[in-house]
Amino acid sequence: MASIITTIQPAAPSETPQYPDLPDDTSRNRRPPFAPKCHETKTTPTTKIFDVMGNYVCTSGTSTRAWDLSSGQQLLEMPHGEGPKVLTVAYKWAAHPEEEGMKIWLGNSIGDILEVDIKAGYVTRTISAAHARHEVIKIYRHKDGMWSLDDVGTLHVWAPDAEGNLTSDLPTETHRVPKGHATSVIAGDELWYATGRDIRVFNPSSANGQPFQVLQRALTESSAGEILTSAVIKGQPDKVYFGHTEGKVTVWDRKSFSCVGVYSMNAFKANALLGVGDYLWAGYSSGHIEVYDTTQTPWIMKKEWKAHDGPITGVVMDKSYAWKKDQLLVVSLGTDSKLKAWDGLLREDFLGTLIHFSPTHSSANINQKAIFNPAMQSTAPSPTSRPSSSPGTAALLL
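About the thresholds
Residues numbered from 1 in each chain as written. Predicted model: local features only at pLDDT ≥ 70, side-chain atom pairs only at ≥ 80, totals over all residues. Heavy atoms only, no water. Pairing = 2+ DSSP bridges. Helix = DSSP H or I, 4+ residues; strand = E, 2+ residues; numbered from the N terminus. Axes fitted to C-alpha atoms, helices over the stretch in contact; angles between N-to-C directions. Buried < 20%, exposed > 50% of the residue type's maximum accessible area, 1.4 Å probe, protein only. Contact = heavy atoms within 4.5 Å. Salt bridge = Lys/Arg side-chain N within 4 Å of Asp/Glu carboxyl O.

> Run through the sheet that holds strand S5 (residues 63-68), naming residues and quoting values.
The strand order S3-S4-S5-S6 describes an open sheet built from 4 strands, whose pairing is antiparallel. The open sheet has two edge strands, strand S3 (49-53) and strand S6 (73-79), and neither has a second partner. Sheet twist, expressed as the mean angle between neighbouring strand axes with direction ignored, is 15°. Pairing of S3 with strand S4 (residues 56-60) involves 5 bridges; the strand directions are antiparallel. Residue pairing across strands places Met53 opposite Tyr56, the latter belonging to S4.

> Quick rundown of the environment of Trp252? Include the residues and the values.
By secondary structure assignment, the location of Trp252 is in strand S21 (residues 248-253). Of the residues examined, Trp252 reaches a relative accessible area of 3% and is grouped as buried. Along the primary structure Trp252 and Lys239 are separated by 13 residues, whereas in three dimensions their C-alpha atoms are 5.4 Å apart. Leaving out residues up to four positions away in the same chain, Trp252 has contacts with Trp192, Ile199, Leu219, Thr220, Glu221, Asp238, Lys239, Val240, Phe242, Phe257, Ser258 and Cys259.

> Quick rundown of the pairing of strand S22 (residues 259-264)? Include the residues and the values.
A large share of S22 lies buried, amounting to 5 of its 6 residues. One ladder, built from 5 bridges, connects S21 with S22; its direction is antiparallel. Across the sheet, the residue bridging to Trp252 is Cys259, located in S22. Hairpin connection, S21 to S22: the antiparallel pair is bridged by 5 residues, and Phe257 has positive phi, about 55°.

> Explain the sheet that holds strand S29 (residues 338-343) residue by residue, including any values.
Paired through their backbone hydrogen bonds, the strands of a sheet run either parallel or antiparallel. The sheet built from 4 strands is open, its strands ordered S2-S29-S28-S27 with antiparallel pairing. Looking at the sheet topology across the chains shown, the edges are occupied by strand S2 (41-42) and strand S27 (312-318). Pairing of S2 with S29 involves 2 bridges; the strand directions are antiparallel. By the bridge assignment for S29, Thr41 is matched with Leu339.

> Go over the pattern of salt bridges with me, naming the residues and quoting the values.
Inspection of the entire model under this criterion finds 17 salt bridges. Close ionic contact of Arg28 with Glu304 constitutes a salt bridge, the shortest N to O distance being 2.4 Å. Here Glu304 lies in strand S26 (residues 300-306) and Arg28 lies in the loop between strand S1 (18-19) and S2, a separation of 276 residues in the sequence. A relative accessible area of 26% places Arg28 in the partly exposed class. For Glu304, a relative accessible area of 9% corresponds to the buried category. The residue Lys303 makes a salt bridge to Asp349 at a minimum N-O spacing of 3.0 Å. Residue Lys303 is located in strand S26, and its partner Asp349 is located in helix H2 (residues 347-357); the two are separated by 46 residues in the primary sequence. Both residues of the pair, Lys303 and Asp349, belong to the buried class.

Structure, rendered in structure tokens:
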């Protein structure tokens, strides 16, 4: 007899713990963690969307551009003229590691998905009306496939063929989600998807035998406002973070689907949240980036610095770079039209702490023994990115 799969009923609402105190900033430092051997990049005022992989960063808007961050060289400039607007960009999955970062997917305002070869400098493939003339507002890269979302709530799953290539012009699966996407984040194989103040949980890849709609009803926290941004932290795989308009952050448990805490973070709203290693990074409308240790209550602010001369519009981490260069690269974009690269490992802070407590050791010895020796790291979760024969510290923190 065929088995019946039902959606999960979320836990009954209860009083959520409230933590109104701002994070403890007594031990913070204000040194900007510049990424070594990476160049600041100037974009255009119309640039709102971007993605990062390897040494490459790609932006789009009225034109699509790509740079090599290690040299500052511009690799691609492709104007879009008065035609359809590009609304989302993502680096495409590649079957072979050496090919990663060579192609991007663009989603536009008339439902097309364009594949661009960065080195060739032109569109190599067009999936016309992939979303039936609706605006493609988000493209996700997940494991060996891609997901694409439009403004009316159609979610396509694009899975690779037997050779591991994404070549089909037809999606493997198609699902429906509510309109009004505010933010979303992939946690494991789940898509945590927010509209307004509501959060829904979906399972876009049916290969694991689970239903698409994980919950019967939306999750809502009454003490927090509209949702703006979201994040997951590698060291906390059972939690999902959502940033709200009034500067609060709600933390949700992936097993019970309950809100386990409402935290106050800053007088400014966080325009971007990102889990980097064991820490939560937040980009603010003030132009500042702050880094938090969320394992303690109140949270501990580890760093704060002025990153941009204007509001921050996005903060993105590139996971693949860690396997190739033993560097965890974080890139931010601001309304000052600048892309800046940061060291996600916070090496200077780590070295400074070790030198402070181990004055008999030189910085060079500490760099070799601590930074590049995973055994000396406090946390080393198993990597989920593409494996390497000898992963370094950055890879172990992903």
